[in-house]
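Each chain is listed here by its residues.
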Amino acid sequence: MEKQYELEKNRCASIDIGLNNLATLTFNQAGIKPLLINGRPLKSINQYYNKVKSFLQSQLQENRSSKRLKKMMLVYPALLSGIE
């Protein structure tokens, strides 16, 4: 059985998506602290991925790929899913 909730029209929240702060949540109610989610670790991982990918591609001839590059591109999304 699903629980029904009554909408409180005088309360609202706002979410701002960004890079250094991945998400910032603010509320219009006193006593509720804003919440910041740090995006820098994720940004750093992405920067490292791009650096490695660029290096691997520079080692290949034009319009070619390699097993290592394909594997990295398959494994990378799985690595991100484990980040909490």
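Residues numbered from 1 in each chain as written. Predicted model: local features only at pLDDT ≥ 70, side-chain atom pairs only at ≥ 80, totals over all residues. Heavy atoms only, no water.

Draft legend 1. Structural context of the overall build of the protein chain. Each helix and strand in the protein chain was counted, giving two helices and three strands. Ordered by position from N to C terminus, the α and β elements of the protein chain give β-β-β-α-α. When each of the 84 residues of the protein chain is scored for burial, the buried share is 12%. Once local pairs closer than 6 in sequence are excluded, the contacts in the protein chain between residues at least 24 apart make up 13%. Accessible surface, the protein chain: about 7900 Å² in total, of which carbon and sulfur atoms supply 55%. (Helix = DSSP H or I, 4+ residues; strand = E, 2+ residues; numbered from the N terminus. Buried < 20%, exposed > 50% of the residue type's maximum accessible area, 1.4 Å probe, protein only. Contact = heavy atoms within 4.5 Å. Areas by Shrake-Rupley, 256 points an atom, 1.4 Å probe, with all protein chains shown as cover.)

Draft legend 2. Here's a closer look at the pattern of salt bridges. Under the criterion given, the structure shown has one salt bridge. Close ionic contact of Glu8 with Arg11 constitutes a salt bridge, the shortest N to O distance being 3.2 Å. A relative accessible area of 42% places Glu8 in the partly exposed class. For Arg11, a relative accessible area of 48% corresponds to the partly exposed category. (Salt bridge = Lys/Arg side-chain N within 4 Å of Asp/Glu carboxyl O.)

Draft legend 3. Examining the environment of Ala13 more closely. Mapping Ala13 onto the fold places it in strand S1 (residues 13-17). Classification of Ala13 as exposed rests on a relative accessible area of 52%. In this structure the C-alpha to C-alpha distance between Ala13 and Leu25, which are twelve residues apart in sequence, comes to 6.8 Å. Setting aside residues up to four positions removed in sequence, Ala13 forms contacts with Thr26 and Phe27.

Draft legend 4. Spotlight on the sheet that holds strand S2 (residues 21-27). Strand order across the open sheet formed by three strands is S1-S2-S3, with antiparallel pairing between neighbours. Of all the strands in the sheet, just S1 and strand S3 (35-38) have a single pairing partner and so form its edges. The average undirected angle you get between the axes of adjacent strands in this sheet is 10 degrees. Inspection of the sheet shows S2 paired to S3 by four bridges, in the antiparallel sense. Residue pairing across strands places Thr24 opposite Leu36, the latter belonging to S3. (Pairing = 2+ DSSP bridges. Axes fitted to C-alpha atoms, helices over the stretch in contact; angles between N-to-C directions.)

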